[in-house]
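One letter stands for each residue in the lines below.
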Amino acid sequence: MKKYIFRRLLNIIPVLLGISVITFGLIHMVPCDPAEVYLRLSQIPPTDEAVALVRSELGLDRPLYIQYFDWLWKVFHLDFGKSFVTRQPVLPSVLYYIPATIQLTACSLLLMFLISIPLGIWAALYKDSLLDQFSRILAFIGASMPSFWLGFLLLYVFSLKLDLLPVTGRGTFLHLILPSLTLALGYAATYTRLLRTSMLENLNKDFVLYARVRGIKEKLIIGKHVFKNALLPMITAFGMSLGHLLAGSVIVENIFAWPGVGRYCVFSIFSRDYPVIQCYVCLMAVIFVVCNLLVDIAYVYLDPRIKIGR
């Protein structure tokens, strides 16, 4: 297992380097000159002399590859520069908003599993029943409904019409319900169908027949053998979903005015605060890579047929 993890960590290095090149390159491919943006945000007229002075201060007058390696060296030391807007170091500002996003993501994941796991199991065990039909309808609605539309719909019903939940902001547990539901319902629909299909596939395997012949209790067969094997596709999807939930909460955070890092990134995009955007993209890339690494490790643990190193 240690060799496998070490080998996977080595594979991560070129991936992260490729992401750093793309991130650095995209920012420098935008039509606006970062020096002019810096001056406009500072409310300084972008004269030729001022632009040249700022380009020198930011190191933009050097060859591109030197700028890249200088930026990469600073990133290795967790120095993403200073925000063009606040003039404060970028990383502490981004980390300030991270807890709110993690709180929203954790609550969404909890809701997603609470909905999808029981519903997926019951739909598989009672195939073609009313419950199975209900799970299909839920999956269809959840998969086809955009999160921004669902968010506005929930706001209209539960906040404006019924006046049961707060409209926007972060504070009490009640503030967390609507944005969490908006994020969770789409994924819950997908996971329910994934689990149902995987459960049905495993229920028809020979080991289930042999376990029943040996007189093992049905609950033990379902819980210990079928459910464990059925989890593998869900875990594979979970690795991508976790990253999408963290990075994809941008829309939901803006709808509900949730003070997370996604909302901060949107504000930075509109104000063209390039250092913040670079930090956000790098941070999300690392989260995606780490999530996939954890999923690969969990996959090896859950499926003994996988031979490490072969």
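Computed from a predicted structure; not experimentally measured.

### A few points about the nonpolar core
The nonpolar side chains of a soluble globular protein tend to be buried with one another.
Alright, step 1. Trp71, Phe80, Val94, Leu195, Met199 and Val226 are the most contacted members of the largest nonpolar core, which has 56 residues in total.
Alright, step 2. The leading source of residues in this core is helix α5 (residues 90-125), at 11 residues.
Alright, step 3. Taken domain by domain, this core gets at least three of its residues from each of domain 1 (16-90) and domain 2 (97-302).
Alright, step 4. The contact partners of Phe80, leaving out residues within four places of it in the chain, are Val75, Val90, Leu91, Pro275, Cys279 and Cys282.
Alright, step 5. Of all hydrophobic cores here, the second largest spans 12 residues; its members include Val51, Phe84, Tyr274 and Ile277.

### So, unusual backbone geometry
Alright, step 1. Positive phi values are uncommon outside glycine, yet Arg87 reaches one of about 65°.
Alright, step 2. Considering the arrangement of structural elements, one finds Arg87 in the loop between α4 (64-76) and α5.
Alright, step 3. We classify Arg87 as partly exposed; its relative accessible area is 29%.

### Some points on helix α7 (residues 147-161)
The periodicity of an α-helix, 3.6 residues per turn, causes residues three or four positions apart to be oriented the same way.
Alright, step 1. Between its first and last C-alpha atoms α7 spans 20 Å; for 15 residues at 1.5 Å apiece the expected length is 21 Å, and the two agree.
Alright, step 2. At Leu155, α7 shows its largest bend, some 25°.
Alright, step 3. Those residues of α7 that sit buried are Leu150, Gly151, Leu154, Leu155 and Ser159.
Alright, step 4. At its buried positions, α7 is contacted by α8 (173-203) and α11 (250-255).
Alright, step 5. One or two residues past the end of α7 sits Asp163, with phi positive at roughly 55°.

### Quick notes on the UniProt feature "transmembrane region" (unreviewed entry) in the chain
Alright, step 1. Per the UniProt record, "transmembrane region" (unreviewed entry) is found at residues 12-30, 94-125, 137-160, 172-190, 230-257 and 277-302.
Alright, step 2. When the span residues 94-125 is considered, its composition is 100% helix and 0% strand, and the gap between its end C-alpha atoms is 45 Å.
Alright, step 3. Along residues 172-190, the helical share is 95% and the strand share 0%, with 29 Å between the first and last C-alpha atoms.

Each value, and the rule that gives it
- Residues numbered from 1 in each chain as written.
- Predicted model: local features only at pLDDT ≥ 70, side-chain atom pairs only at ≥ 80, totals over all residues.
- Heavy atoms only, no water.
- Core = buried A, V, L, I, M, F, W, Y, C linked by side-chain atoms within 4.5 Å.
- Buried < 20%, exposed > 50% of the residue type's maximum accessible area, 1.4 Å probe, protein only.
- Helix = DSSP H or I, 4+ residues; strand = E, 2+ residues; numbered from the N terminus.
- Domains from an automatic or database assignment.
- Contact = heavy atoms within 4.5 Å.
- Expected span 1.5 Å × (residues − 1).
- Bend = angle between axes of the 7 residues up to and from the residue.
- UniProt positions renumbered as here; feature names shortened; annotations may be inferred.

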